[in-house]
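# Descriptive analysis of the structure
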Amino acid sequence: MLGICRDAQIVDISHAVAKYAVADGAYLLRAALPWFPVGVHVAVVDPGVGTPRRPVAIRATRGDVLIGPDNGLLLPAAGALGGVAVARELANRDLWLADATSTFHGRDIFSPVAAHLAAGVAEFDAVGPEVERSSLVRLPDASASVRNGDLASTVTYVDSFGNVRLAGGRAELEAAFGDVTAGAAFAVTVPRGPGLRATFAPSFGHVETGATLLYVDSVGNLALADNQGNLAARVGLRPGDGVRVRRA
Amino acid sequence: MLGICRDAQIVDISHAVAKYAVADGAYLLRAALPWFPVGVHVAVVDPGVGTPRRPVAIRATRGDVLIGPDNGLLLPAAGALGGVAVARELANRDLWLADATSTFHGRDIFSPVAAHLAAGVAEFDAVGPEVERSSLVRLPDASASVRNGDLASTVTYVDSFGNVRLAGGRAELEAAFGDVTAGAAFAVTVPRGPGLRATFAPSFGHVETGATLLYVDSVGNLALADNQGNLAARVGLRPGDGVRVRRA
Amino acid sequence: MLGICRDAQIVDISHAVAKYAVADGAYLLRAALPWFPVGVHVAVVDPGVGTPRRPVAIRATRGDVLIGPDNGLLLPAAGALGGVAVARELANRDLWLADATSTFHGRDIFSPVAAHLAAGVAEFDAVGPEVERSSLVRLPDASASVRNGDLASTVTYVDSFGNVRLAGGRAELEAAFGDVTAGAAFAVTVPRGPGLRATFAPSFGHVETGATLLYVDSVGNLALADNQGNLAARVGLRPGDGVRVRRA
């Protein structure tokens, strides 16, 4: 990228996404980008490299451009930046490296297109033909819903602390339980092993070390954690697992 | 930070500090900052996020500003930069993100305050009220001392090679043993397992592969290592462990 | 480096090279540098720190300067940048940090010399006396050759996906087997366990998930991989292992 855009300011959000974990990458990107200045963002978690999955650029309503594989990785972040304004397929090989290989699209396609846009030597419209927004590949939706007075939710991400991020936020919590104040006790059913008891708290330090809390995380989602412990490892929770929360 | 200070030059010292290991973070920061230009430095290892522990900014005598939680993380580095000139509590919410959350002070409080200072749009005095230097939380002191002609010291840090950093430097070594020259042999008592034999050497390559050396590390502290081996894993040494060194 | 060259644009290629693995570091550097702009590149994988191994600077034909230990780490990259034009020993202590230690040459010697060159305050010739190109330490050559109609090769690197990079490229493959097209089947003999069946394919997505492919990697070398699996872990392949490829 620096070879094309000499004064690019490159920020490495993460190189530690689990292999092939498109949903993890999508979560991290969505969690990070709203706090970045408007920019050109490249993301690659790409089990299908070399297959016909499309390389795409998405212009978000906020003005950002997101570049990567059309496998669901970019859409949650685009949503958090106001939604998809336009999407285009990266078909213009003039913006790729001259010798694009079939196994390293991050280096040969995504990064050089991003650098050409960041440098202002190419317009967004030049990357390739527009594609239908509805044709973009979308990851399965993880949502929270009220069922028989309980809150049913799904694990969306397990962070490096073992904290468990869930679908839904304060609105879904209040839809299920009305007003919820710090100290409220909940019982949580998990797929493997006995259930959990969790205290609703604004942050980790409000419960004892080792105790489990239910909280609204820094992205606005519900989350479960053991204060200074690894909840996900302790009870075997992983992305995609369903959990059920009820008043204890 | 780039949203507030467009031309900030951000250096990532480490994102690999062990979870909750405030003393490890303090060691790394103290080991790194003296070799950096004067700047604004943010550090977060923060098991107490969301509790009343204070967010602080410390101006060091060298001119740097250190920003983070008041839990001992910043003080060793401040000491290595000439000491604490002034400390202030981060109470001015105008310098925080508008929607500060309770679980991600690194993003919502520490980084934006740092960026406002780095950009020059806020003065140090504006971050909040001064706090007594003596009221800053301090980690337990790890020191080396001469006892019955031996040198008693403490493990302060185990690096990624398994090299074991100790309290005290050449001065303490000479206080215990007088002049010490390369090749001098020492016996080291450790908490678990039999003792070690270590050769005093200027660097790893001066002893056989696999042999143990006692040396003065790149920060000026005493250290123990197996040349091309992992000493800490081999003998189970960890931060806080006491060791005793005597002439062999 | 920023203390010497204020506006240096520093790119961290990797801090995750396996400990002491000079050949791994050499591979990564050689794989990365041809895609960088001409610059000053520092690399340190240095089991011999503190021994008489020389610190060197190499000017490559493309114009880059490579700085590090004279232990073979830099030469493959220099070769990929057109070859070694001139090599010099870092003997001019005016370009080092004032208090160079014996265990951290990355910080005290290599980086400050690089920063002085990058800042333009020192010329390449000023770093120290020229050394014979033929005297530079060279890693054992890994090469591919045709033996009895088979292709004999060597594992040069195992990446974080467990993909196995081999000596030789398309030219060696065609020397052994003539024209090779996608879908061609090969049998691969490995040092431990039964052999592999691999399909020649342009990229991972062209074979079934879990199937083994033989491909030309993004650097131009032959490579073996399990699509979305870890081939190296599955069959115990590691750098230096010999493999034999024949038509199946």
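Coordinates for the structure precede this section.
Overview of the structure. (Residues numbered from 1 in each chain as written. Chains lettered and ligands numbered in written order. Predicted model: local features only at pLDDT ≥ 70, side-chain atom pairs only at ≥ 80, totals over all residues. Heavy atoms only, no water.)

### Let's talk about the overall build of chain A
For chain A, the count of helices and strands is five helices and 13 strands. For the C-alpha atoms alone, the extent of chain A along its principal axes is close to 60 × 30 × 30 Å. Taking all 248 residues of chain A together, 51% fall into the buried category. Taking contacts inside chain A between residues at least 6 apart in sequence as the whole, the part at least 24 apart equals 61%. Entry remark: accessible area of chain A is about 10,900 Å², with carbon and sulfur atoms responsible for 50%. (Helix = DSSP H or I, 4+ residues; strand = E, 2+ residues; numbered from the N terminus. Buried < 20%, exposed > 50% of the residue type's maximum accessible area, 1.4 Å probe, protein only. Contact = heavy atoms within 4.5 Å. Areas by Shrake-Rupley, 256 points an atom, 1.4 Å probe, with all protein chains shown as cover.)

### A look at the sheet that holds strand 4 (residues 84–89) of chain A
All names here are of chain A. Spatially, five strands are ordered 1-3-2-4-5 in an open sheet, and the strand pairing comes out mixed. Of all strands in the sheet, those bounded by a partner on one side alone are strand 1 (40–42) and strand 5 (130–131). In this structure, strand 4 lies alongside strand 5, joined through two bridges in antiparallel fashion. For alanine 87, the partnering residue across the bridge sits in strand 5 and is valine 131. (Pairing = 2+ DSSP bridges.)

### Observations regarding the sheet that holds strand 3 (residues 65–69) of chain C
All names here are of chain C. As summarised here, the arrangement of the five strands in space is 1-3-2-4-5, forming an open sheet in which the pairing is mixed. Taken across any chain shown, the strands that pair with only one partner, and hence form the sheet edges, are strand 1 (40–42) and strand 5 (130–131). Sheet topology places strand 2 (residues 55–60) next to strand 4 (residues 84–89); five bridges connect them, and they run antiparallel. By the bridge assignment for strand 4, alanine 60 is matched with valine 84. In the packing of helix 3 (residues 105–119) onto the sheet, the strands contacted are strand 1, strand 2 and strand 3, and the crossing angle to strand 3 comes to about 165°. (Axes fitted to C-alpha atoms, helices over the stretch in contact; angles between N-to-C directions.)

### A closer look at the interface of chain A and chain C
At the junction of the two partners, chain A supplies 18 residues and chain C supplies 18 residues. Remark: the boundary between chain A and chain C carries zero salt bridges. In this assembly, chain A and chain C are joined by six residue pairs in polar contact (both at pLDDT 80 or more). (Salt bridge = Lys/Arg side-chain N within 4 Å of Asp/Glu carboxyl O. Polar contact = N/O pair within 3.5 Å; in protein donor to acceptor, adjacent residues only side chain to side chain.)

### Quick word on the relation of the copies chain A and chain C
For the match of chain A to chain C, the screw axis carries a shift of 0.0 Å, the RMSD comes to 0.0 Å, and the turn is 120°. Both copies of the chain, as the preceding transformation shows, are related through a three-fold rotation axis. Taking C-alpha positions as the reference, the residue of chain A nearest the rotation axis is glutamine 9 of chain A, at 5.2 Å. (Least-squares fit on C-alpha atoms with pLDDT ≥ 70 in both.)

### Some remarks on the side chain of histidine 41 of chain C
Residue and element names in this part refer to chain C. When you line up the elements, histidine 41 lands in strand 1. In terms of polar contacts, histidine 41 uses its side chain to reach the side chain of aspartate 64, at 2.7 Å. Each residue touching histidine 41, except ones within four places of it in the same chain, is listed here: Leu33, Phe36, Asp64, Val65, Leu66 and Ile67.

### Some remarks on the interface of chain B and chain C
The extent of an interface is frequently quoted as the accessible surface area lost upon association of the parts. Contacts between the two partners involve 18 residues from chain B, matched on the other side by 18 residues from chain C. Regarding the contact of chain B and chain C, the summed buried area is about 1,500 Å², with carbon and sulfur atoms giving 56% of it. When residues of chain B are sorted by the area they lose upon contact with chain C, Gln9, Ser218 and Gln228 of chain B head the list and together hold 33% of the total. Remark: the boundary between chain B and chain C carries zero salt bridges. At the boundary of chain B and chain C, one finds six residue pairs in polar contact (both at pLDDT 80 or more). Looking at the side of chain B that touches chain C, its residues break down into eight nonpolar, nine polar and one charged. (Buried area = accessible area lost by both parts, 1.4 Å probe. Nonpolar A, V, L, I, M, F, W, Y, C, P; charged D, E, K, R; others polar.)

### Comments concerning unusual backbone geometry
Backbone geometry places glutamine 228 of chain A, a non-glycine residue, at a positive phi of 60°. One can find glutamine 228 of chain A in the loop between strand 12 (221–226) and helix 5 (231–235). At tyrosine 20 of chain B, a residue that is not glycine, the phi angle is positive and equals roughly 70°. Tracing the backbone shows tyrosine 20 of chain B in the segment before helix 1 (22–32).

### Considering the side chain of serine 153 of chain A
All names here are of chain A. Note that serine 153 resides in strand 7 (residues 150–158). Among the polar contacts listed, one links the side chain of serine 153 to the backbone oxygen of alanine 167, at a separation of 2.7 Å. In this view, serine 153 contacts Ser143, Ala144, Leu166, Ala167, Asp241, Gly242 and Val243; residues no more than four positions away in its chain are not counted.

### Thoughts on a nonpolar patch on the surface
A contiguous nonpolar surface patch, about 300 Å² in accessible area, is contributed by Met1, Ile10, Val42 and Val44 of chain B. Mapped onto the elements, valine 44 of chain B comes out in the loop between strand 1 (40–42) and strand 2 (55–60). (Patch = residues over 30% accessible without salt bridge, like charges linked within 9 Å, V, L, I, M, F, W, Y side chains within 5 Å.)

### Digging into the pattern of salt bridges
Following the criterion strictly, the structure yields 33 salt bridges over all chains and no others. Between aspartate 108 of chain B and arginine 107 of chain B there is a salt bridge, with its nearest N and O atoms 2.7 Å apart. Of the two residues examined, aspartate 108 of chain B and arginine 107 of chain B, each falls in the buried class. Note that aspartate 125 of chain C is salt-bridged to arginine 88 of chain C, the shortest N-O span being 3.5 Å. With a gap of 37 residues between them, aspartate 125 of chain C in the loop between helix 3 and strand 5 and arginine 88 of chain C in strand 4 connect regions that are remote in the sequence.

### Concerning the environment of histidine 41 of chain A
We classify histidine 41 of chain A as buried; its relative accessible area is 9%. C-alpha separation for the pair histidine 41 of chain A and glutamate 132 of chain A, spaced 91 residues apart in sequence, amounts to 21 Å.

### Observations regarding the packing of aromatic side chains
Taken as a whole and assessed by the stated rule, the structure comprises 12 aromatic pairs over all chains. Plain terms: the ring middles of tyrosine 20 of chain A and phenylalanine 161 of chain C are 5.8 Å apart, the flat faces sit at 55° to each other, and that makes the pair tilted. Within this pair, whereas tyrosine 20 of chain A is found in the segment before helix 1 (22–32), its partner phenylalanine 161 of chain C is found in the loop between strand 7 (150–158) and strand 8 (164–169), the two belonging to separate chains. Ring geometry for tyrosine 27 of chain A and tyrosine 157 of chain A: centres 4.5 Å apart, planes at 10°, overall stacked. Linking tyrosine 27 of chain A in helix 1 with tyrosine 157 of chain A in strand 7, this pair joins segments that are 130 residues apart in sequence. Each member of the pair, tyrosine 27 of chain A together with tyrosine 157 of chain A, is buried. (Phe/Tyr/Trp six-rings, centres within 6.5 Å; stacked < 30°, edge-to-face > 60°.)

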